[in-house]
Amino acid sequence: MRRFPRLLAAALSAALLGLAASPAASASGPAATPGHDNVVAAPAGAAARAAAAGGGGQPYASYWYPNTILNWDPATDPDARFNRSRVPLRTRVSDPALKANANARAGEGKVAALVSFAPTSNNPSQGSLDPRYYAFGHWQYVDKLVFWGGSAGEGLILAPNPTVIDAAHRNGVKVYGTVFFPPTAYGGQIQWVRDFVQKSGTRYPVADKLAQVARYYGFDGWFINQETAGGDSTLATEMRNTLRYARSLGPVEFMWYDAMTESGAVSWQDALTTANDAFLQEGAQRTSDSMFLDFGWGAAALDSSRTLARSLGRSEYELFAGVDTEANGYNTGVPWSAVFPAGQPHTTSLGLYRPEWTHNSSADRADSYAREARYWDGANGDPSDTTTTSSWKGLAHYVAESSPVTAKPFVTSFDAGQGDFYHSGGTRVSSAGWNNLSLQDVPPTYRWLVQSGGTKLKAAYDFTDAYEGGSALRLTGPLDAVNTVRLYQTRLPVAADTKLSVVLKTPAAGPTHLTAAVSFTDSPTTFTTLDLGSTTTAGWERRTLDLSPYAGRTIAQLGLRTTGTAAAYDIKVGQLAVYDGTVDATPAPGAPTVLGSTDTGTGSTSLRLAWTAPATGDVHHYEVYRRDAGGGRTFLGATPNDSYFVPRLDRAGTETTTTLDVEAVSAEWGRSPAASTTFTWSATTEANLALNRPATASGQCNSSETAAKAVNGSVSGGTTDKWCTTTTDKWLEVDLGAPRALSRFVVKHAAAGGESATWNTRDFRVEVRDSASAAWTTAVTVTGNTAATSTHPVAVTARYVRLVVTRPTQTTDPAARIYEFEAWGS
């Protein structure tokens, strides 16, 4: 985007922000020249992904160029099945009578958020073992989420990964992928635009693929960002024809970015004008479903945009006035009264560019959550009280909350989609950190809305304990008056057998001072309370409440209310559920199968698993476990999908097989019997013998890009997670500690770490020797490499191994960039 030259200039700081948007984006070291790319035959890393998929390697979110997407087929893409969302888009409600903030308006301006969750390449499909992640939790204010990314050096078309789709759909939010044509200064080529609109008879083949991808992966549309100069009116007309054709394939939506005009020139209007309105509506023809207006708008521009939209028969709320918060977050100056005038209908909708600033600028998880609360709920962390001297009052000040809690069963364990452990039924089944937005429960509608005549209790996510997943709800503070904690706006009809279930925990056995609080649509602000009594232990306990006296009514709000007094009140709520009858389970999934495995280190492997869904039953997600020798189980991960990537399975001692269990968890949180399969360990387990061994090198580009970075086992720590050098002779040496039998070398080049494929090492060799005094012997010679990850089988014995780079890149760039140098053997 324009002033997305801050998006693109932001490319220069992408190593810190986690975005790979152009060659400049991932530059570190010399010769980081924008626009240095050429058209490539396939997305960077495609060969590496295909090789990984042949075993049990990491699947990634999909990305392409216009011509390479034509070859995409889910039947032949080994990652495709891991990129599917299985969560349908939920219906939402927004009752004006229940809005938290008196100033907010319901049913008017919408909010679209353009978010980069990870770089374009190497974006894991199903979460990862890193608990430090942008687990967005304010879906109640967002209507559309654009999965932002794309780059000249990797691919222009980026499909969202399923974790984001799952979480968004569970909250009633539509998700769009991105088609990004960069400015020429950042590698854009007008031929890519012409490739995008190519025609075959009456068909537009790329549009066919966009619709196919969206349908197969289960998301809702595409954001089109065309900023490449050099077009003409004919090309602009064909772009509109392509979008209209794609929309006709349905159901797929398009949001157009205000850059290319009807003349074909790139000329940002900061408004809907006669120069760009045909990209929204052309006569009776609907071209796109909405438009994102560039950042330079003011009151006059939005007023005229509203008038023009209405004259075209379109709603002004299909126009999203852009606000760039990538650099300054809630310190960004915004002419709020132009888009959301006080006491008047909203002028247009709002488009937020890069709200993940709250995460990227934070010091830790607590800081990230505090910043996100400030961004969305306001300075007081209370959506009903947004008073502040700052011009940024929080989105809750303007937009009324929406809720997807419109059907039973409704179950939340207050799982934020990340954690430092994993609990099942209150028992710890894994001590590993993780993130997976597919497992995020619907966050509370109100974050946090506590009403009290005395001291307000503090409500927060607690990451030290959980009933299910990695977090719980915790209420703390001095209890000196009644506190009403409004949690969820709902639309849940009560039947004769409807139950309300609450799982809670107190520090010691005794009174909970807690009641469940329920209001109904016939009097939505009046709460009926149901006492939760006392606990008998200091562990998790369940209370199941009969709602049959309220049959025929519809629940409008779910919350909690405290009574009595306590000097230091502390209670955890691990689950809240509304369901009919008994808790139903589903049949077991069928035929779990190990699709492949890949050694990841001494005594560990990664796996790709698949199974079949049970023929009946409403499955919320599947959980994958390994059986332990002592009779217990260890949680390996979970997904709503019918396939899952296990990032790490550790071998227990010298076991020859490991039993893997897959069980279905129903929408009411009933559990199926386990379906099992067996993984057989190889007789001699290979390992990366270079991992964390002493390493030396000919030099380094800067103090952070040392030889040790090439043997630390990581490629995901940003663009400094590598060894880099510009010395005339370029070599990296590793001491394996003793002569070892080696079976292969693996070299992970620039694109494996998210940098441009043009910086992948072209020519190199691997040398070996048994002792420090012996001569080096060449074991591998490579010329013309283009792959992000290259694998080189050998049959040698050596203590010392050395990578010698003779031509460091595909261009004249002089820097060698090696993310990992692995020596596999036993």
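Residues numbered from 1 in each chain as written. Predicted model: local features only at pLDDT ≥ 70, side-chain atom pairs only at ≥ 80, totals over all residues. Heavy atoms only, no water.

### Overview of the sheet that holds strand 35 (residues 657–666)
Item 1. With antiparallel pairing, four strands are arranged side by side in an open sheet as 33-32-35-36. The open sheet terminates on both sides in strands that have one partner only, identified here as strand 33 (633–639) and strand 36 (675–680). Strand-to-strand twist across the sheet, computed as the mean angle between neighbouring axes with direction ignored, equals 25°.
Item 2. Of the pairings in the sheet, the one linking strand 32 (residues 619–627) to strand 35 comprises seven bridges and is antiparallel in character. (Pairing = 2+ DSSP bridges. Helix = DSSP H or I, 4+ residues; strand = E, 2+ residues; numbered from the N terminus. Axes fitted to C-alpha atoms, helices over the stretch in contact; angles between N-to-C directions.)

### Examining the packing of helix 6 (residues 205–217) against helix 7 (residues 233–249)
Item 1. Contact geometry for helix 6 and helix 7: axes closest at 9 Å, N-to-C directions at 40°. The two elements helix 6 and helix 7 cross, and the hand of that crossing is right-handed. Listed contacts from helix 7 to A207, D208, A211 and R215 of helix 6 are T242, Y245, A246 and L249.
Item 2. A breakdown of the residues in the contact of helix 6 with helix 7 according to their chemical character gives five nonpolar, one polar and two charged. (Left-handed = near helix turned anticlockwise from the far one by under 90°. Contact = heavy atoms within 4.5 Å. Nonpolar A, V, L, I, M, F, W, Y, C, P; charged D, E, K, R; others polar.)

### Considering helix 4 (residues 162–170)
Item 1. With nine of nine residues buried, helix 4 is to be regarded as a mostly interior element.
Item 2. For helix 4, the full list of buried residues reads P162, T163, V164, I165, D166, A167, A168, H169 and R170.
Item 3. The secondary structure elements touched by the buried residues of helix 4 are strand 3 (144–147), strand 5 (174–181), helix 6 and strand 32.
Item 4. Positive backbone phi, approximately 75°, marks G172, located one or two places after helix 4. (Buried < 20%, exposed > 50% of the residue type's maximum accessible area, 1.4 Å probe, protein only.)

### Here's the deal with helix 8 (residues 299–311)
Side chains three or four residues apart in an α-helix point the same way, a direct result of the helix having 3.6 residues per turn.
Item 1. The end-to-end C-alpha separation of helix 8 is 19 Å, in line with the 18 Å expected for 13 residues at 1.5 Å each.
Item 2. Turning to helix 8, its buried residues are A301, L302, S305, R306, L308 and A309.
Item 3. Looking at the packing, one finds that the buried side of helix 8 touches strand 10 (290–293), strand 11 (319–324) and helix 9 (336–339).
Item 4. The first or second residue beyond helix 8 is G313, which carries a positive phi of 80°. (Expected span 1.5 Å × (residues − 1).)

### A few points about the side chain of Q575
Item 1. Mapped onto the fold, Q575 is located in strand 29 (residues 566–580).
Item 2. Of the polar contacts made by the side chain of Q575, one reaches the side chain of S413; its length is 3.2 Å.
Item 3. Aside from chain neighbours lying at most four places away, what touches Q575 is V411, T412, S413, Y467, E468, S501, V502, V503, R542 and W669. (Polar contact = N/O pair within 3.5 Å; in protein donor to acceptor, adjacent residues only side chain to side chain.)

### Observations regarding the side chain of R92
Item 1. Of note, R92 is situated in the loop between strand 1 (63–64) and strand 2 (111–115).
Item 2. A distance of 3.1 Å separates a polar atom in the side chain of R92 from a polar atom in the side chain of D143.
Item 3. A polar contact of 3.4 Å, which involves the side chain of R92, links it to the backbone oxygen of N171.
Item 4. Excluding residues that lie within four positions of it along the chain, R92 makes contacts with W139, Q140, V142, D143, N171, G172, V173, S402, S403, P404 and T406.

### Overview of unusual backbone geometry
Item 1. Going from G250 to P251, the amide bond is cis rather than trans, its omega being -15°.
Item 2. Among the secondary structure elements, P251 is positioned in the loop between helix 7 and strand 7 (253–257).
Item 3. With an omega of 0°, the peptide bond running from K408 to P409 counts as cis.
Item 4. When you line up the elements, P409 lands in the loop between helix 11 (365–376) and strand 13 (410–412).
Item 5. Here N692, not a glycine, exhibits a phi torsion of approximately 60°, which is positive.
Item 6. Relative to the helices and strands, N692 resides in the loop between strand 37 (687–688) and strand 38 (695–697).

### Regarding the state of the cysteines
Item 1. Counted under the stated rule, the structure contains one disulfide.
Item 2. Shown here is the disulfide that connects C701 with C724, its sulfur atoms set 2.0 Å apart. Handedness of the C701-C724 disulfide follows from its S-S torsion of about -60°: it is left-handed. One end of the pair, C701, is in the loop between strand 38 and strand 39 (723–725); the other, C724, is in strand 39, and 23 residues separate them in sequence. (Disulfide = S-S within 2.5 Å.)

### Some remarks on the pattern of salt bridges
Item 1. Under the counting rule described, the total for this entry stands at 45 salt bridges.
Item 2. With a shortest N-O distance of 3.7 Å, E253 and K144 are connected by a salt bridge. Here the residue E253 occupies a position in strand 7, and K144 occupies one in strand 3, the gap between them amounting to 109 residues.
Item 3. Take K144: its relative accessible area is 14%, and that puts it in the buried class.
Item 4. The salt bridge partner of E623 is R671, with a shortest N-O separation of 2.7 Å. Residue E623 is found in strand 32, and its partner R671 is found in the loop between strand 35 and strand 36; the two are separated by 48 residues along the sequence.
Item 5. Look at the salt bridges and you will find they share partners, linking E468, E623, R627, R633, D661, E663 and R671 into a network. (Salt bridge = Lys/Arg side-chain N within 4 Å of Asp/Glu carboxyl O.)

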